[in-house]
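One letter stands for each residue in the lines below.
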Amino acid sequence: MARKAKTGFTPSRAKSLVGVAKVVAPALIPVLAPVIARGAGVLSEQYDRYRARRLGIDVADIGRYSGYGARLHARIVGFSESLETVRATDSDWVSKIEARLSQLLAAVRASERMPTARRKAAHRAVGTDLDVLEQELLRRLNVR
């Protein structure tokens with residue numbers, strides 16, 4: 001009468017696998033460590049590029065924008081940079097808007113430590129203000 005072979009995970013099988021691992025692991029670690037490190041570096045770089053693309057910024061600037069309000073922060077800075085095109089024609093308006101942008105940026109930074117519901121409400125308010133300011137800028141640049 002033939003016996004069926006056990007296919008389950010038994011204590012003796014576990015013991016033999018641990019023995020094999022003790023012999024093989026020291027030989028594989030020096031070979032696999034550089035490959036794993038390179039793979040981690042590539043993944044990190046791809047993730048940074050993804051985040052930069054979502055924020056609409058250069059990858060080199062990704063360190064400047066972090067946290068929950070990173071997208072708003074990048075948007076405010078980008079808007080501030082685009083004000084230079086209007087400065088020559090209406091410097092009073094630009095200085096007033098720069099003061100407002102400074103307030104909005106302070107609100108985004110302060111909201112980082114708020115509870116989730118309040119932070120989201122603050123971000124919505126800042127986003128709405130930015131929408132209005134961007135529309136006004138486009139109007140002043142004669143873009144309809």
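Parameters at a glance
Residues numbered from 1 in each chain as written. Predicted model: local features only at pLDDT ≥ 70, side-chain atom pairs only at ≥ 80, totals over all residues. Heavy atoms only, no water. Helix = DSSP H or I, 4+ residues; strand = E, 2+ residues; numbered from the N terminus. Rg over C-alpha atoms; globule rule 2.2 N^0.38 Å. Buried < 20%, exposed > 50% of the residue type's maximum accessible area, 1.4 Å probe, protein only. Axes fitted to C-alpha atoms, helices over the stretch in contact; angles between N-to-C directions. Parallel < 35°, antiparallel > 145°, perpendicular 65-115°, else oblique. Left-handed = near helix turned anticlockwise from the far one by under 90°. Contact = heavy atoms within 4.5 Å. Nonpolar A, V, L, I, M, F, W, Y, C, P; charged D, E, K, R; others polar. Core = buried A, V, L, I, M, F, W, Y, C linked by side-chain atoms within 4.5 Å.

Colleague: Just to check I follow, could you spell out the overall build of the protein for this structure?
Modeller: Per the secondary structure count, the protein includes five helices and zero strands. For the protein, whose C-alpha radius of gyration is 28 Å, the value lies well above the compact-globule estimate of 15 Å for 144 residues. In terms of overall dimensions, the protein has C-alpha extents of about 95 × 35 × 30 Å along its principal axes. By residue count, 22% of the 144 residues in the protein fall in the buried class.

Colleague: Can you help me understand the packing of helix α4 (residues 91-111) against helix α5 (residues 116-140) in this one?
Modeller: What describes two packed helices is the angle between their axes and the distance between those same axes. Viewed as axis vectors pointing N to C, α4 and α5 meet at an angle of 160°, and their least axial separation amounts to 10 Å. Taken as axis vectors, α4 and α5 run roughly antiparallel relative to one another. Crossing hand, α4 versus α5: left-handed. Of the residues in α5, those in contact with Trp-93, Ile-97, Arg-100, Leu-101, Leu-104, Ala-107, Val-108 and Ser-111 of α4 are Arg-119, Ala-122, His-123, Val-126, Asp-129, Leu-130, Leu-133, Glu-136, Leu-137 and Arg-140. When the residues that make up the contact of α4 with α5 are grouped by side-chain class, the tally is eleven nonpolar, two polar and five charged.

Colleague: What am I meant to see in the nonpolar core here?
Modeller: Across soluble globular proteins, nonpolar side chains show a tendency to be buried alongside one another. Of all hydrophobic cores here, the largest spans 16 residues; its most connected members are Ile-76, Leu-83 and Leu-101. For this core, the secondary-structure elements that each account for two or more residues are α2 (70-82), α4 and α5. Here this core takes seven residues from α4, the largest share from any one element. Non-local contacts of Leu-101, meaning those with residues more than four positions away in its chain, are made with Ile-76, Phe-79, Ser-80, Leu-83, Leu-130 and Leu-133.

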